[in-house]
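Here are the chains, one letter per residue:
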Amino acid sequence: MHRKNAFTLIELLVVIAIIAILAAILFPVFARAKESAKQTACISNTRQIGLALNMYVGDVDGTMPIHYAYNSIPAAGKPGHKGVEVLIAPYTGSGKSRIDPVTGLQITPLMDIFKCPLDSGGPYTALDVPGTNSYWQAYGSSYRFTKCFYSVVAGESSSNNTLRTSTSIVNEGSFVDPAGSRVMRDEQVAQFGRDMTTDACNRYGYDCPSPDNYYRKWHTNGGSAVFADGHSKFMAGTAAFDATIVAPTGQRNPDLHPTEGTWYWACD
């Protein structure tokens, strides 16, 4: 008599258990590898943006671009939309602006260079700009431009579709430490999460109890940034983030500000 070649139930269960163990080990590795690849692409974008910003400044006698933030009327990529990314777009080589023949307004297409591949928006973006799933789609950029490093012009600069009422022109000669001055960062950095910074809500104002929560985790342990001298890097940890300068005169995130609490709240 010949024995049939077949797996017993015990053998099948052992194989299934081994596969489950391997999956539990490998899936996090694959996830980290995928995030790392996207993080590398994000850093590559910021390097190019840093170079484009320096070229823009060089063409306008050292004056920093006009500051805009979170403008959605007109929408990103539509005629008349205003953002720092629109001003430096011609220097990125990633898209060309054109004039709308009907309105006479500039149209700047949404450009991938201003999109971090890890940009998944936040709790507020879909409410503020319905139908969007990222800061890039909602406002034209995944990156936040540090307010105190840019020129503010009354009646022209705007944030959240509201015009600013004061004027402050910033020149590259104003920077006391260009290599340490963070002129741009990912909109969402991991340092803003309460799982990484216990006093994150009071300190940074993103990861707060509902309904004032603006935070969504993009990176596992940090975020990318561009500095005034044009270089970019990934910042891991709260100490590295707070060590960056946020004002031309050299103040850092936690330094006390005379009216705003800290220089982070005044400038970032």
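Refer to the preceding data block for the structure.
To keep things clear, this report deals only with the structure shown in the data block. Keep in mind that what you see is a predicted model, and the values were worked out from it rather than measured. (Residues numbered from 1 in each chain as written. Predicted model: local features only at pLDDT ≥ 70, side-chain atom pairs only at ≥ 80, totals over all residues. Heavy atoms only, no water.)

We now examine the sheet that holds strand E8 (residues 222-227). Taken in spatial order, the four strands line up as E4-E7-E8-E9 in an open sheet, and their pairing is antiparallel. The sheet terminates laterally at strand E4 (143-145) and strand E9 (232-236), the two strands that pair on one side only. Taken over all neighbouring pairs, the strand axes of this sheet differ in orientation by 30 degrees on average, direction set aside. Bridge count between E8 and E9: five bridges; the pairing is antiparallel. Paired with Gly 223 across the strands is Met 235, a residue of E9. (Pairing = 2+ DSSP bridges. Helix = DSSP H or I, 4+ residues; strand = E, 2+ residues; numbered from the N terminus. Axes fitted to C-alpha atoms, helices over the stretch in contact; angles between N-to-C directions.)

The sheet built from three strands is open, its strands ordered E1-E5-E6 with mixed pairing. Each edge of the open sheet is held by one strand with a lone partner, namely strand E1 (68-69) and strand E6 (162-163).

Okay, the pairing of E8 next. Where burial is concerned, most of E8 is hidden: six out of the six residues are buried. What you see with E8 is no split at all: Gly 222, Ser 224 and Val 226 on one side and Gly 223, Ala 225 and Phe 227 on the other are buried throughout. Bridge analysis of strand E7 (residues 182-186) against E8 gives three bridges, and the strand direction is antiparallel. When the sheet's bridge partners are listed, Arg 182 is paired in E8 with Phe 227. Linking E8 back to E9 in an antiparallel pair, the connection comprises four residues, with Gly 230 at a positive phi of about 100 degrees. (Buried < 20%, exposed > 50% of the residue type's maximum accessible area, 1.4 Å probe, protein only.)

Moving on, we get to the side chain of Ser 134. Mapped onto the secondary structure, Ser 134 falls in the loop between helix H3 (125-128) and helix H4 (135-139). Residue classification places Ser 134 among the buried positions, given a relative accessible area of 2%. A polar side-chain atom of Ser 134 sits 3.0 Å from the main-chain amide nitrogen of Gln 137. Sequence-distant contacts of Ser 134, defined by excluding residues within four places in its chain, comprise Asp 119, Ser 120 and Gly 121. (Polar contact = N/O pair within 3.5 Å; in protein donor to acceptor, adjacent residues only side chain to side chain. Contact = heavy atoms within 4.5 Å.)

A separate point is the packing of aromatic side chains. Following the criterion strictly, the structure yields 15 aromatic pairs and no others. On the basis of an interplanar angle of 50 degrees and a centroid distance of 5.1 Å, the ring pair of Phe 192 and Tyr 204 is categorised as tilted. Remark: Tyr 204 occurs in helix H5 (residues 200-204) and Phe 192 occurs in the loop between E7 and H5; sequence separation between them is twelve residues. Pair check on accessibility: Phe 192 and Tyr 204 agree, each one buried. Put simply, the rings of Phe 192, Tyr 204, Tyr 206, Phe 241, Tyr 264 and Trp 265 pair up and form one aromatic cluster. (Phe/Tyr/Trp six-rings, centres within 6.5 Å; stacked < 30°, edge-to-face > 60°.)

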